[in-house]
Amino acid sequence: MTTKISKGSAQVGNAGIDTAASLGRRHFIVGSAMAGGGLALGISIAGGAGDAAAQMVDATGAPEINAWVVVRPDDTTVVRVVRSEMGQGTHTGLAQLVCEELECDWSKVTLEAVTAGRNLARKRVWGDMSTGGSRGIRGSQDYVRRGGAAARMMLMQAAADGWQVPVGELTVANGVISHAASSRTVRYGQVATAAAKLTPPDAKSIKLKDPRAWKIAGKPMRRLDTAPKVDGSKVYSIDVRLPGMLNAAVKQCPVFGGRLVSFDQAKVMGMPGVKGVVRVNDTTVAVVADTWWRAKTALDALPIVWDEGPNAKVNSASIAAHLRTGLTSDDAFADTDYGDALKAIAGAPRKLEAVYTTPYLAHATMEPMVCTARITADRGEIWVATQNQESALAALAETSGLPLAQCEVYNHDLGGGFGRRVTVPDFIRQSVLIGRQFPGVPVKMIWSREEDQAHDFYRPVSQCKLSAGLDAKGNLTGLHIRVSGQSINAALNPAAIKDGKDVRQLQGFWKEPGDAQIGYTVPNMRIEYAMRNTHVPPGPWRGVNTTQNGVYLECFMDELAKLAGRDPLEFRRALMGSHPKHLGVLNAVAEKAGWGKPLPKGVFRGIAQFMGYASYSAAVAEVTVNAKRQVKVHRLLLGTDCGHQVNPDQIAAQVEGSVAYGLTAAYFGECTVDKGRIVETNFDRYRIMKLAEMPKVETVIAPTWDFWGGVGEPTICVAAPAVMNAIAAAIGRPVRNLPLKNEGFTFI
Amino acid sequence: MLSLNVNGKAVTVDAEPGTPLLWVLREQVGLTGTKYGCGVAQCGSCSVHIDGQLMRSCVMPVSAVAGKRITTIEGLSADASHPLQKAWVEFDVPQCGYCQSGQIMAAAALLRAKPRPTDKDIDDAMTNICRCGTYQRIRAAIHKAAGTAKGSGNGSVVHLVGETGASATLAANGTDASPASDA
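Residues numbered from 1 in each chain as written. Chains lettered and ligands numbered in written order. Predicted model: local features only at pLDDT ≥ 70, side-chain atom pairs only at ≥ 80, totals over all residues. Heavy atoms only, no water.

A. Here's a closer look at the overall build of chain B. When you go through chain B residue by residue, the secondary structure sums to five helices and seven strands. Taken from N to C terminus, the helices and strands of chain B fall in the order β-β-α-β-β-β-α-α-α-α-β-β. Contacts in chain B between residues at least 24 apart in sequence constitute 50% of all its contacts with a sequence separation of at least 6. (Helix = DSSP H or I, 4+ residues; strand = E, 2+ residues; numbered from the N terminus. Contact = heavy atoms within 4.5 Å.)

B. Here's a closer look at the overall build of chain A. Along chain A, the regular secondary structure elements total 17 helices and 30 strands. Taking 27 Å as the expected radius of gyration for a compact globule of 748 residues, we find that chain A reaches 27 Å, a close match to that expectation. Over its C-alpha atoms, taken along the principal directions, chain A stretches across nearly 80 × 80 × 50 Å. Out of the 748 residues belonging to chain A, those deemed buried represent 64%. Of the contacts made within chain A by residues no fewer than 6 positions apart, 75% connect residues no fewer than 24 positions apart. Approximately 25,100 Å² of chain A is accessible, and the part contributed by carbon and sulfur atoms is 54%. Distance between charge centres in chain A, computed from 84 positive and 70 negative side chains, equals 2 Å. (Rg over C-alpha atoms; globule rule 2.2 N^0.38 Å. Buried < 20%, exposed > 50% of the residue type's maximum accessible area, 1.4 Å probe, protein only. Areas by Shrake-Rupley, 256 points an atom, 1.4 Å probe, with all protein chains shown as cover. Lys, Arg positive; Asp, Glu negative; His and termini not counted. Charge placed at Lys NZ, Arg CZ, Asp CG, Glu CD.)

C. Geometry of the side chain of D426 of chain A. Examined against the element boundaries, D426 of chain A turns out to sit in helix α10 (residues 426-436). Apart from residues lying up to four places away in sequence, D426 of chain A is in contact with R420, W447, H455 and F457 of chain A.

D. Geometry of the sheet that holds strand β6 (residues 109-113) of chain A. All names here are of chain A. Pairing is mixed in the open sheet, where four strands are placed in the order β3-β4-β5-β6. With partners counted over all chains shown, the strands left at the sheet margins are β3 (64-66) and β6, one partner each. Adjacent strand axes in the sheet meet at a mean angle of 30 degrees when their direction is disregarded. Across the face of the sheet, helix α4 (residues 141-163) comes into contact with β3 and β4 (69-71) while running at roughly 115 degrees to β3. Lying over the sheet, helix α5 (residues 188-196) contacts β3 and β4, oriented at roughly 65 degrees with respect to β3. (Pairing = 2+ DSSP bridges. Axes fitted to C-alpha atoms, helices over the stretch in contact; angles between N-to-C directions.)

E. Just the sheet that holds strand β7 (residues 170-173) of chain A, in detail. Residue and element names in this part refer to chain A. Taken in spatial order, the three strands make up an open sheet running β7-β8-β9, and their pairing is antiparallel. With partners counted over all chains shown, the strands left at the sheet margins are β7 and β9 (184-187), one partner each. Averaged over all pairs of adjacent strands, the angle between their axes in this sheet comes to 25 degrees, without regard to strand direction. Looking at chain direction, β7 and strand β8 (residues 176-179) are connected through four bridges and run antiparallel. Bridged to T171 within β8 is S178. α4 rests against β7, β8 and β9 of the sheet, and its axis sits at about 130 degrees to β7.

F. How the structure looks around the interface of chain B and chain A. Chain B puts 64 residues into the contact, and the matching count from chain A is 74 residues. Buried area between chain B and chain A, summed over both chains or domains, comes out near 5,800 Å², and the portion from carbon and sulfur atoms is 55%. For the pair chain B and chain A, the number of links is five salt bridges. The salt bridge partner of R26 of chain B is D239 of chain A, with a shortest N-O separation of 2.9 Å. On the surface where chain B and chain A come into contact, there are 34 residue pairs in polar contact (both at pLDDT 80 or more). Listed by contribution, the elements that provide at least two residues to the side of chain B that touches chain A are α1 (21-29), α2 (83-90), α3 (100-113), α4 (119-125), α5 (135-146) and β6 (157-161) of chain B. Here the residues of the side of chain B that touches chain A sort into 28 nonpolar, 22 polar and 14 charged. (Buried area = accessible area lost by both parts, 1.4 Å probe. Salt bridge = Lys/Arg side-chain N within 4 Å of Asp/Glu carboxyl O. Polar contact = N/O pair within 3.5 Å; in protein donor to acceptor, adjacent residues only side chain to side chain. Nonpolar A, V, L, I, M, F, W, Y, C, P; charged D, E, K, R; others polar.)

G. Main features of the packing of helix α16 (residues 648-667) of chain A against helix α17 (residues 716-731) of chain A. Residues and elements named next belong to chain A. Where α16 contacts α17, the axes come no closer than 8 Å and their chain directions differ by 50 degrees. In terms of axis orientation, α16 runs oblique to α17. Read as a crossing pair, α16 and α17 show a hand that is right-handed. Listed contacts from α17 to S658, V659, Y661, G662, L663, A666 and Y667 of α16 are I716, A719, A720 and V723. (Parallel < 35°, antiparallel > 145°, perpendicular 65-115°, else oblique. Left-handed = near helix turned anticlockwise from the far one by under 90°.)

H. Just the domain arrangement of chain A, in detail. Residue and element names in this part refer to chain A. Along its sequence, chain A is carved into domain 1 (64-216), domain 2 (238-309 + 363-454) and domain 3 (326-361 + 458-747). Computed from C-alpha atoms alone, the centre-to-centre distance between domain 1 and domain 2 is 39 Å. For the pairing of domain 1 and domain 2, the buried interface totals around 1,200 Å² over both sides, and the portion due to carbon and sulfur atoms is 50%. Contact with domain 2 buries area across many residues of domain 1, yet S84, M86 and A116 alone supply 36% of it, more than any other trio. (Domains from an automatic or database assignment.)

I. Just α1 of chain B, in detail. Residues and elements named next belong to chain B. Counting buried positions along α1 gives seven out of nine residues, so the element sits mostly inside the fold. Within the span of α1, buried status applies to L21, L22, W23, V24, L25, R26 and E27. G30 sits one or two positions beyond α1 and adopts a positive phi of about 85 degrees.

J. Summary view of the environment of V551 of chain A. Residue and element names in this part refer to chain A. Here V551 shows up in helix α13 (residues 546-564). V551 gets classed as buried once you look at its relative accessible area, which sits at 2%. When neighbours within four sequence positions are excluded, V551 is seen to be in contact with F556, A720, P721, M724 and L738.

K. Inspection of the state of the cysteines at higher detail. The tally for this structure, following the rule as stated, stands at zero disulfides over all chains. With no disulfide of its own, C671 of chain A has C38 of chain B as its nearest cysteine by sulfur position, at a separation of 16 Å. Judged by relative accessible area, which is 2%, C671 of chain A ranks as buried. With no disulfide of its own, C38 of chain B lies 3.9 Å from the sulfur of C43 of chain B, the closest cysteine sulfur. We classify C38 of chain B as buried; its relative accessible area is 2%. (Disulfide = S-S within 2.5 Å.)

L. Spatial organisation of the packing of aromatic side chains. All names here are of chain A. Enumeration according to the criterion identifies 19 aromatic pairs over all chains in this entry. Pairing W214 with W708 gives two aromatic rings, centres 6.0 Å apart and planes at 50 degrees, and the pair type is tilted. Here W708 lies in the loop between β29 (697-701) and α17 and W214 lies in the loop between α5 and β10 (246-252), a separation of 494 residues in the sequence. Take W214 and W708: they sit in the same class, and that class is buried. (Phe/Tyr/Trp six-rings, centres within 6.5 Å; stacked < 30°, edge-to-face > 60°.)

Have a look at this one:
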């Protein structure tokens with residue numbers, strides 16, 4: 001393996017990692033830099049797809065069977081995982097998939113995390129390590145299952161060799177290999193050392209099981225990582241303690257795009273525990289002290305002069321006005337355009353037009369951004385919680401100036417991710433810059449909640465104008481959707497915008513099947529996007545653009561059904577004949593909800609369906625709204641067709657989580673902008689749903705076993721529109737602006 | 001120097017009197033199970049017991065708790081054997097887990113005050129924030145620990161729908177079986 005570092009490479013961010021596939025893994029770029037900034041690290045790899053020969057022993061000295069599996073003499077089976085665990089259950093699900101093919105004893109399975117440095121040193125034998133886009137399982141399932149199967153074949157071959165019998169005469173169950181003809185058995189742990197020396201089987205000889213025959217995967221196995229979460233023993237990145245460690249508190253210019261001018265460190269250097277005041281970069285100052293509380297106390301007392309710049313004039317009203325121009329401008333591009341939607345609507349006997357708006361949202365992970373860095377002249381190390389370990393490694397190398405091979409990332413399970421820790425390693429760079437100023441001393445940087453809220457990469461702000469025409473019978477004949485708003489790609493991944501057309505902002509409205517396809521066919525349809533960027537940095541937020549686009553389309557469909565005098569479910573079904581999977585999950589949820597059956601007086605239903613992350617979602621809500629505009633969601637069914645179910649109990653947990661996250665946004669969520677900065681800087685203003693407000697969720701899992709879809713994000717896009725449609729049914733008019741609190745609603 | 005009684009042990013710490021108990025526990029006593037979430041007593045991640053009463057330690061000056069009995073998640077039981085901890089594990093309540101120390105401490109205070117809580121009691125007492133949305137299982141786990149559970153499930157309701165439209169119940173791991181229509 002040769003490693004070269006090239007300055008000024010055009011490859012950036014996630015785009016660089018995506019490039020690996022197109023280059024057949026012979027050359028790939030690990031990059032962490034945002035557009036136009038920093039350098040990217042080009043890594044040329046001579047060997048191709050990973051170095052399986054460079055075997056590692058585990059901590060007990062047991063050799064690995066292959067990159068994914070180690071079996072110890074006592075039969076403990078170590079499954080390696082490279083995706084990040086942030087609560088979504090991916091580690092347990094991946095272990096289930098490996099063990100299903102391995103045929104080992106599930107009760108003896110433990111997990112081992114792989115570091116980015118190890119992956120690089122072994123020529124990426126574990127593949128891509130990023131964890132986002134609900135790809136943790138669906139993006140790894142094929143090769144981890146093959147890894148489990150290959151290990152099983154090697155273990156069985158080792159047993160066959162030892163007994164001098166054909167391997168075809170052996171069977172295996174629960175990690176015990178049997179030879180019926182001679183009534184002999186041997187445990188995996190007894191043949192593991194011999195198996196590790198065998199040549200791996202030819203990839204073509206590996207036959208994976210039919211998922212319908214799974215015994216470990218597909219079942220509601222308990223998570224493997226729960227115990228240390230109930231007694232305080234689990235070490236998150238914020239809990240890292242290293243010998244001689246110092247702590248840093250940081251403050252960034254409150255206005256995005258503003259700059260740090262000066263600070264008066266003499267005022268705080270004498271405060272208890274303070275070791276230094278550091279200019280981190282052009283926008284950030286840090287106080288370093290023996291404890292974080294002392295660092296923060298001194299930082300709060302530090303006189304700082306900012307140049308807030310011209311963005312200090314921007315506020316939510318000016319942003320909204322900017323976006324409104326995009327609803328009617330002629331600079332939009334049409335992603336979907338068939339028939340003549342504008343003409344069909346103009347000539348329709350009944351028409352409807354509506355404008356919906358959704359605000360910026362912060363991720364608000366419970367654990368704020370934290371990173372500990374120890375930088376010496378020849379070694380860079382960080383202790384962090386990231387969704388993207390290789391990006392973090394690249395950021396460490398770039399920012400420290402050290403070669404990749406002399407850097408390492410010790411990743412921790414995340415105290416919440418939701419997309420915040422997947423793209424820009426902004427806080428990692430800050431931590432390394434601070435660490436550079438204290439050579440050899442580990443420095444833990446913790447963002448306060450206020451910093452975390454004020455310097456996020458927010459769910460982009462957008463508005464949507466929807467227009468439609470109905471014929472005399474109430475059939476939808478033309479649909480025109482115009483989205484105006486901020487582009488995530490323009491800020492984070494401009495290379496993904498082809499010919500000025502950013503289709504990502506139309507996620508869920510795409511015409512192509514397979515990932516986030518619109519579920520309706522209308523005689524005339526036009527779907528457009530007008531880009532309206534602001535100075536507020538946008539980013540992926542659990543569910544990304546499906547979260548607002550699902551609200552826009554599905555609430556408007558209910559408005560149209562009402563105009564047509566049709567039942568909302570029947571109105572949708574009539575447009576879904578060409579979308580059997582969308583329709584399948586909608587029907588499954590409607591049936592479980594008892595759609596159409598009488599409800600108690602005052603209870604109203606709402607329905608929605610949408611698609612994202614290759615999975616099909618639908619929801620039905622049962623809601624009351626009293627005279628004081630108090631909303632109560634009595635029952636909320638969410639359905640998913642995620643193709644294959646790997647752990648239904650964890651699917652249910654993710655569905656419930658998507659309700660809490662999605663309804664928190666619909667009820668309370670907004671980051672407003674005043675004087676160029678975010679107003680909602682803590683949970684007193686950025687309200688989060690609490691237990692009493694959580695609806696009773698029922699999860700409908702309707703897998704069709706013919707594709708692999710995501711789980712963590714897809715269902716969030718139907719939670720809010722189903723509830724909003726039920727509220728509209730209850731009050732007799734649609735609600736078009738989020739959050740609902742601004743319309744006078746409260747939630748009980 | 002301040003003397004504290006943490007989880008039954010006397011400890012001496014070097015902290016300014018106004019330092020929040022949370023940071024003294026985490027940085028000076030070395031007990032990191034109690035978490036920082038907001039610093040303004042909004043989220044409850046920092047929940048501990050002071051003389052048996054539930055407190056949000058991020059706004060509690062350490063000088064105010066000298067001489068009082070401080071109990072953190074690490075001291076709730078010696079070996080994770082508190083009924084709530086056992087129920088939390090049995091029902092796989094945590095997702096990311098970051099808020100769960102505080103959730104369990106809040107639930108423990110609730111059960112001390114009301115050993116057989118109603119849903120309303122749980123609604124009123126459990127005001128800690130969880131961003132992963134584990135609330136449904138938290139409720140079920142509290143009922144399980146209190147012996148007030150109506151069923152055997154972990155709080156999740158799952159309908160498994162087969163390709164033929166036929167449904168099955170999900171019984172393993174204590175997940176609630178679907179309502180009667182699935183039977």
